[in-house]
Amino acid sequence: MSGRSVYLPANASRARLKEAEEARNNRAEIVKALSWGQISRRDLIKWGLFTSAGLLAPIRGLNPFVASAYADDDGIPTGAPPSPLFGVQPFSQPMPRFDVLPRNPVSSLNPAPMAQSNQTQQALDPGFGFPAGTTGPIEGRPPGTIWAHQQFSAFPPQVAIEVTQLGATINTTYNPGVASSLNSGIDPTASVHPTFHASLPDQGPLALWTFNGTLPPKLMIGRYGEAILFRHHNGLPVDVSQNGGFGRHTISTHEHNGHHGAENDGFTGAYFFPKQFYDYHYPIVLAGRNTVNTGASDPHAGSPNGSGGITNIAGDWHETMSTHWFHDHMFSFTSQNVYKGNAGMFNIYSALDRGNESVTDGINLCLPSGTANDFGNLDYDVNLMLADKAWDSNGQLFFDIFNFDGFLGDQMTVNLAYKPFFEVERRKYRFRILNASVSRFFQYGLSDGSTIIQIANDGNLLPAPVPQTISDQQGIAERYDWVIDFSRYSVGTKVWLVNVLAHEDGRGPAGAVSMAQAIAGNSSDPGVGKFLEFRIVRDPAKTDISQVPSTLIPNPDLSAIPVARQRTFVFGDSADQTTNDPVTTFFGPWGIGTNGGDKLDADFGRISAAPKFGTREIWTLVNDGGGWDHPVHIHFEEGQILARNGSARNVPPWEKGRKDVYRLRPDGSVTITMQFRDFGGMFMEHCHNTVHEDNAMLLRWEINGAGTPFLNPLPTPIATPKGVTFEAPDDILPSAFK
Ligand SMILES: [Cu+2]
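So, here is what we can say about the structure in this document.

Criteria and cut-off values
Residues numbered from 1 in each chain as written. Predicted model: local features only at pLDDT ≥ 70, side-chain atom pairs only at ≥ 80, totals over all residues. Heavy atoms only, no water. Helix = DSSP H or I, 4+ residues; strand = E, 2+ residues; numbered from the N terminus. Rg over C-alpha atoms; globule rule 2.2 N^0.38 Å. Buried < 20%, exposed > 50% of the residue type's maximum accessible area, 1.4 Å probe, protein only. Lys, Arg positive; Asp, Glu negative; His and termini not counted. Charge placed at Lys NZ, Arg CZ, Asp CG, Glu CD. Pairing = 2+ DSSP bridges. Phe/Tyr/Trp six-rings, centres within 6.5 Å; stacked < 30°, edge-to-face > 60°. Lys NZ or Arg CZ within 6 Å of the ring centre and 35° of its normal. Core = buried A, V, L, I, M, F, W, Y, C linked by side-chain atoms within 4.5 Å. Expected span 1.5 Å × (residues − 1). Donors = N, O, S within 2.8 Å, 3.2 Å for Na, K, Ca; no water.

Concerning the overall build of the chain
Counting its regular elements, the chain contains 5 helices and 41 strands. Taking 2.2 N^0.38 as the reference for a compact globule, 738 residues should give roughly 27 Å; the C-alpha atoms of the chain span a radius of gyration of 24 Å, in line with that estimate. Dimensions of the chain along its principal axes, counting C-alpha atoms only, are 70 × 65 × 55 Å. Within the span of the chain, comprising 738 residues, buried residues form 65% of the whole. Seen as two clouds, the 55 positive and the 72 negative side-chain charges of the chain have centres 2 Å apart.

A few points about the pairing of strand E15 (residues 411-414)
Residue alternation in E15 divides its side chains into two sets, Gln411 and Thr413 and Met412 and Val414, and both sets are buried. With 4 bridges joining them, strand E14 (residues 381-389) and E15 adopt antiparallel strand pairing. What sits directly across from Leu386, in E15, is Val414. Pairing of E15 with strand E16 (residues 417-418) involves 2 bridges; the strand directions are antiparallel. Looking at the pairing, Thr413 lines up with Tyr418 of E16.

Thoughts on unusual backbone geometry
Residue Pro111 is reached from Asn110 by a cis peptide bond, and omega for that bond is 5°. Within the secondary structure layout, Pro111 lies in the loop between strand E1 (99-100) and strand E2 (121-123). Residues Asn695 and Ala696 are joined by a peptide bond in cis, for which omega reads 10°. Position of Ala696 among the secondary structure elements: in the loop between helix H5 (690-694) and strand E38 (698-702). The residue Ile284 is not glycine, and still its phi comes out positive at about 55°. Position of Ile284 among the secondary structure elements: in the loop between strand E9 (277-282) and strand E10 (302-304). Overall, the relative accessible area of 3% leaves Ile284 in the buried class.

A look at the packing of aromatic side chains
Applying the stated criterion across every chain, the model contains 39 aromatic pairs. Centre to centre, the rings of Phe331 and Phe586 are 6.1 Å apart; their planes meet at 80°, and the pair counts as edge-to-face. Placement of Phe331 in the loop between strand E12 (323-328) and helix H3 (334-339) and of Phe586 in the loop between strand E27 (563-573) and strand E28 (590-594) is noted, with a sequence separation of 255 residues between them. Each residue in the set Phe211, Phe230, Phe272, Tyr278, Tyr280, Tyr282, Phe326 and Phe346 is aromatic and connected to the rest through ring pairs, giving one cluster. Sitting over the ring of Tyr339, Lys389 keeps its end group 4.3 Å from the ring centre. Taking the ring centre of Phe421 as reference, the NZ or CZ of Arg535 above it sits at 3.6 Å.

Comments concerning the nonpolar core
Core analysis: the biggest nonpolar cluster contains 156 residues, and Phe230, Leu384, Phe431, Phe486, Phe534 and Trp701 have the highest contact counts within it. With 5 residues, the single largest contributor to this core is strand E13 (residues 343-349).

Brief notes about helix H1 (residues 14-35)
The end-to-end C-alpha separation of H1 is 31 Å, in line with the 32 Å expected for 22 residues at 1.5 Å each. The set of residues buried in H1 consists of Arg16, Glu19, Ala20, Ala23, Arg24, Arg27, Ala28, Ile30, Val31, Ala33, Leu34 and Ser35. At the C-terminal side of H1, Gly37 shows a positive phi close to 75°.

So, the coordination of the copper ion
Coordination of the copper ion by the protein involves His630 (ND1), Cys687 (SG) and His692 (ND1), with metal-donor separations of 2.0 to 2.1 Å. Here the donor residues of the copper ion are spaced in sequence according to H-x56-C-x4-H. Linking His630 in the loop between strand E31 (615-623) and strand E32 (631-634) with His692 in helix H5, this pair joins segments that are 62 residues apart in sequence. Take His630 and His692: they sit in the same class, and that class is buried.

Here it is as structure tokens:
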């Protein structure tokens, strides 16, 4: 497959590159004006810059898909200029491991966390534009009982993790959680610059916005039964235009697939402002704790106790989760903010998945990890965050929202490092691999075609491990946990992770090339090819005692749980907006049709579904066609895929566990079952191609009947620097509460 690509090859003519650079600069002006709120998408349509479908108009000098003035033959698009590499070669830098966030005592938090939002007033920064003397609350969480931390006294926080969203700065406190010998020789005492490679320019504080402003990306460590209070400060500029051309300074942080109360879910409309904080309370409980194993008698449902044993907890151990991530969910700005650096990972440890391969108690699965600590050893348990990026002629991160099919970068990064290498020992490793792209899907394998073992899909260990030589397609936000046994290689060998999946645009993958073609660089898509080099450097000092048991975590038994109702959601384009609330509605080509209704653009004031608390439902997610794919994420509780295209036989072995992102596939459908239990509030369902999500393929659903203090329907939060107010829902779909 050759195909086209939005990116020009580096050897394109100087005239074409100049033309493309000018077109990109023109587009950047529009992105900037949109991100500052100076213009709206409606303005762009009025001016003829966007079509009424919300797509960039086919104007030469603006649209990368319009034929170039310099092309030899008609129809070759202008393209985008490639990101300059400043002479940097692939695989010339070590891959940094994630930076482990400190776990502090809760007493370190000042002020102390509270069940309800802390509405202590502070003077507002004059930059917000209010009259002098105007005040607003220090915490951006909506006030009152509905947004209070649910079961706060039952699950008091035991660990505090405190972070600040900041522009790029130098990291002087990098903690990889392992010795330098297990981190490709990186000196942990050396300061880490905010750059994708030591020989590329540092990112400026307006280009890159990360947790604590630093690289590498952050890793949160938690365990079941130990509640975390995640205090997130917003240290971004008050002036909305100080954003390097993209990104919004208001943020809302989603703990992806956390089974927590809605007040901690990073609801898209519950965003907070610079100089505020938001307290997220993660109880880390097993789903079903109020109905299954309520007496906490089964040690499979448990948590490492710090000294080799297990603390039993209530709930269904078949719902135990392992690999999460957290990221921004700001309404209509998620793609820009996540791309700008608002993404981290979260490893959750349990009796089953201890992060210690030496505890042989018949419960622990002894997966590759290490032995020094009671739980959470990272020696042989490695987080990998895959993301495609682009940068401008100055090397500064660049984002282009055109077209609305999706954004593709032309440079691959792992843990936000450009094509790095990673040194490994001759033994088994676990890799927790996250697709943190905006719109790009991946499909990857080892360059020598040898076998890896998939042990988890999204947050959940599979019922049984699945050997593979190439992964399934991995949509945005999906996580695949792999075990690779490097003992089959001799010291001095190199082997690469290779992406074989090509895109022509952001609507979904165009198709896979062969491994040989991908390695040879025979694809017009610069995202295809080798992206991570493993260097086998030595024998392990200790014998590898880790295991990959033939049974991991079987699915929960749902046979006795009645199906309360079924719902259908259709994901497609040509959606309409039926409301005009200036804060809660957005519009764009993408939308979701519910239970046979019209496809609608996002309005976080609209309630599209309201399943009853404590019930189980079956939802069918349908792709409306058009050759695109949508990785659909449903918040709150993991589901099981019952069927693809109507048949259970179409569900591959690696999707037979629990999941939280469901790739619909072109023209495909996915039937899933979910339960709605333990907590109440409002949640979301959306495409995780975040450009689709932002334009405007997202809906709100809420749990009906969760008891006091929840109302039916729930009021919609409206965030302002002066505090959050509430309004009645704009719209309630007729089938929502039925
Ligand atoms: Cu989509």
